[in-house]
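Commentary on secondary and tertiary structure
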Amino acid sequence: MAGRMSSAKWFGLCVALLLVLLPLTGERYFMFLGAQILIWCLFALSFNLMLGYGGMISFGHAAYFAIGAYACAIFLTTLDLPLVVALPGAVALTVLLAAVIGYFCVRLSDIYFAMLTLAFAQLVWAVAFKWSAVTGGDTGFIGVKVPEFLHDATVFYYFVLVVVCLCGALIWTIVHSAFGKILVATRENRVRAEFVGVNVRRVQHVTFVLAGGFAGLAGALFTLFNRSVFVELAWWSASAEVLIMTVLGGVGSFFGPVIGAAALILLNRGITEFTEYWPAVLALILLGVVSGVSLSLAEGQKHAVIGPNGAGKTTFFNCITGHLRPTSGTVSFQGKALVGLAPYSIVRLGLARSFQRINIYPRLTVFENVQAALISDRGLTFNLFRSSAGLFRDEVRAVLATVGLSEEEDQQAGLMSYGRQKQMELAIALASEPELLLLDEPTAGMSPQETLDTIALIGAIAKRRNLTLLFTEHDMEVVFAIADRISVLHHGEIIASGPPEAVRADPEVRRVYLGEAGDGAT
Amino acid sequence: MLNNPTILFVQFMNGLSFGLTLFIIAAGLTLILGVLRVLNFAHGAFFMIGGYVTFSLVNWLPASFPGAFWLSVIGAAIVLGAMAWVIERTMLRRLYDRDHLPQLLFTFALVLLAEDLVKVAWGTSVLSVSFPPGFKKAVDLGISYYPSYRLFLCVIGTVIAVALWYVVNRTRMGRLVRAATQDREMLESLGINVGRIYMMVFVAGVALAGLGGGLAAPATSLTVGMDAEIIVQCFIIVIIGGMGSLPGAFLGALILGQLNAFGVMLVPAFELVLIYLMMVAVLMFRPWGLLGHKEVQ
């Protein structure tokens, strides 16, 4: 190993050593405590895949823990299956159910998503509660047949340690893969991600299933640990608990949830020795976190569409790019109908767009902003294993050089000037190498100098890449400087279309757009 | 069972009184959700404390005191309102501009605190409040006799629904509240003190939960964990009706009440499953609720 190790690495090494050497104490209590902490670490890690990386607040994550736990208990005891079948079987069942439930949940966002996850979790609870014949209902599933070799505390501890570490490594790989980058991008800016060709719903669905699967495995391990399963595991307060653990540790970092889970369990053990009012202590910790500590986590033609405010320029754009659905009429690109397609599929046909208002991932660096577009364009969105570090470095740099942002690649995008952010938006749009580039007021809000630079830049790029440009613009100077052809929209209808000189001369255009008194024509 | 009109009637009335009692609590939840945009998981805890405060006041007032029970219920609503005022002024108001996560953690913290508060102040044994004088017997409704207090719950639930509807739709204050649900920024730029509206809505919402706790106390028994179930039922009502919609909450409460009453009778093993399925179905096909409006983004 080269160089000195950072203090974080030293700390990690110490923890790892402690975990491996823990059974040497010979204390069963420590080993059980260690196993319990490890199980909850895995549970919190799985939850953070959704919350921290995907920005999806689930109120029902405990349901998957409970499903895994019940499935493991039933497979081992009721069906008398060996562990090598029961454990993967429990995970498989959880994954299956998470896939079905997640399919519906990811159709909603924000509070509705949270509520639907809660509803499904309560449904799982109700089924477990009422289906006494299978789950033991109110009294719980008692007397799980745990395989002989796991009866020894040391063996059991190492078993849990190995499984949790393997899963932890797998989750680490996933969040640092191409998929992980895209997932963060969807969290930061859903719309922007769609417009670099990401199928956001599918990304969220995959995340939901992964998180469910890992939670199921944690639940199955819990069954082996506890040798009984109780229906409270699926109740909403269990979901709240994992949320609290994850947030306390910090959703922004990979190991935050691990620390949160460990700290909470240890604290619980420590405090309940002195007082029975553990909930109140936890509440005070939460209030402290909420009030003080920041939760921040951690073919060649240039066609301009012009028109007065409210003429429907942006609406027109949104219809083309699938953001809105036209009430009538068709939109086609290279002979393929676009109406009814989702933004991400339209983008994959070779369209890209920028937005009138800045639409970027403000907390990612400039490099990552562009990289996300490339990952999506090259079809690596669902690659869970390929590390994203340095992925497409040369391509990203080339795009950044085109828009003149080479120097800024490590800057946090949201902190740059407005003009720079606009340039970066252009870079994001260009990253997918579109054939048709739609620009919604590319110079809106820019200083005069930035406007001039941008005009020059767009003109140069279009020429070099042989791009077709369709853009809306307020600023007539920009329009006449770039466009080969101009269409004028008024009240949602095209009132004139043609080369700049012809449009400039059109009396109707002069009347409605340039504000001149017409010659009486209506 | 199904061809016995007496049983059907009694079940219907049970559902009605259960639903309308829940409405009183859920109305506060939906108001807070609609105006403050805060998902208040502590609402069930406020309901629970309302019940316990009523219990204490009833026992503190001399038994011969006229209207002791009613005064206690009103007292509980006032105590809870005052509590809400303190919570809002000292802590909650700082969280309005933050995202959902800190708000959630905050309401979780309140749930945990309430649990321990009840344990310290009232202990863990099950407590009960007796029916107020004059409501101890059953009345003859023609088809069947029915406990008069449960009948009273139906009436008071409806009265509160009408009163809330009047306040929200017919008064200046109500108009401001409705405006605040739709566009906070606009209201602020018109010179309205939106912070005060938020405070009043939170106080009123929590007072409603306290009132509901007091009114429900004679019809149920007071235990430490009673809040966890109530909050889920209130969420179901709010979801079915539409987040932020008072008429929606009323409809949701009626539906939940009947689903509960007849679910127990017809599919006793799976009435809980039925209720959650309803919640799932509404969220899947009409996430903004039966009487809510689709949000325009």
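Residues numbered from 1 in each chain as written. Chains lettered and ligands numbered in written order. Predicted model: local features only at pLDDT ≥ 70, side-chain atom pairs only at ≥ 80, totals over all residues. Heavy atoms only, no water.

A short note on the confidence of the model for chain B
On average, residues of chain B carry a pLDDT of 90, and 99% of them reach 70 or more. Interface predicted TM-score (ipTM) for the complex: 0.89; the corresponding pTM is 0.79. (pLDDT = per-residue confidence, 0-100.)

Things to note about the domain arrangement of chain A
All names here are of chain A. Under the domain assignment, chain A is made up of domain 1 (19-265) and domain 2 (302-514). Computed from C-alpha atoms alone, the centre-to-centre distance between domain 1 and domain 2 is 42 Å. With 27 residues of domain 1 at the interface, the matching set in domain 2 holds 34 residues. Of all residues in domain 1, the largest losses of buried area upon contact with domain 2 belong to K181, R192 and F195, amounting jointly to 27% of the total for that side. Along the contact surface separating domain 1 from domain 2 lie three salt bridges. Ionic pairing is found between E368 and K181, a salt bridge with its closest N-O pair at 3.4 Å. (Domains from an automatic or database assignment. Contact = heavy atoms within 4.5 Å. Buried area = accessible area lost by both parts, 1.4 Å probe. Salt bridge = Lys/Arg side-chain N within 4 Å of Asp/Glu carboxyl O.)

Thoughts on the nonpolar core
Side chains of a nonpolar character, in soluble globular proteins, are inclined to be buried together. In terms of nonpolar packing, the biggest core is built from 274 residues, with L224(A), W236(A), L36(B) and F108(B) touching the most fellow members. When residues of this core are assigned to their parent elements, the largest contribution, 17 residues, is made by helix α2 (residues 28-53) of chain A. Here this core gathers at least three residues from each of two domains, domain 1 (19-265) and domain 2 (302-514) of chain A. In terms of nonpolar packing, the next biggest core, distinct from the first, is built from 12 residues, F317(A), I320(A), L436(A) and L438(A) among them. (Core = buried A, V, L, I, M, F, W, Y, C linked by side-chain atoms within 4.5 Å. Buried < 20%, exposed > 50% of the residue type's maximum accessible area, 1.4 Å probe, protein only. Helix = DSSP H or I, 4+ residues; strand = E, 2+ residues; numbered from the N terminus.)

Points about the packing of aromatic side chains
All names here are of chain A. According to the stated counting rule, one finds 37 aromatic pairs over all chains in the structure shown. Here the aromatic rings of W172 and F254 are separated by 5.1 Å at their centres, their planes lie at 85°, and the arrangement is edge-to-face. Placement of the pair is W172 in helix α7 (residues 153-175) and F254 in the loop between α11 (236-249) and α12 (256-272), with a sequence separation of 82 residues. The partly exposed category is assigned to W172, whose relative accessible area is 40%. Judged by its relative accessible area of 9%, F254 is buried. Here the aromatic cluster, defined as three or more aromatic residues joined through ring pairs, consists of F32, W40, F43, F65, F156, F222 and F225. Taking the ring centre of Y103 as reference, the NZ or CZ of R107 above it sits at 4.4 Å. Just above the ring of F382 sits the side chain of R202; from NZ or CZ to the centre is 4.3 Å. (Phe/Tyr/Trp six-rings, centres within 6.5 Å; stacked < 30°, edge-to-face > 60°. Lys NZ or Arg CZ within 6 Å of the ring centre and 35° of its normal.)

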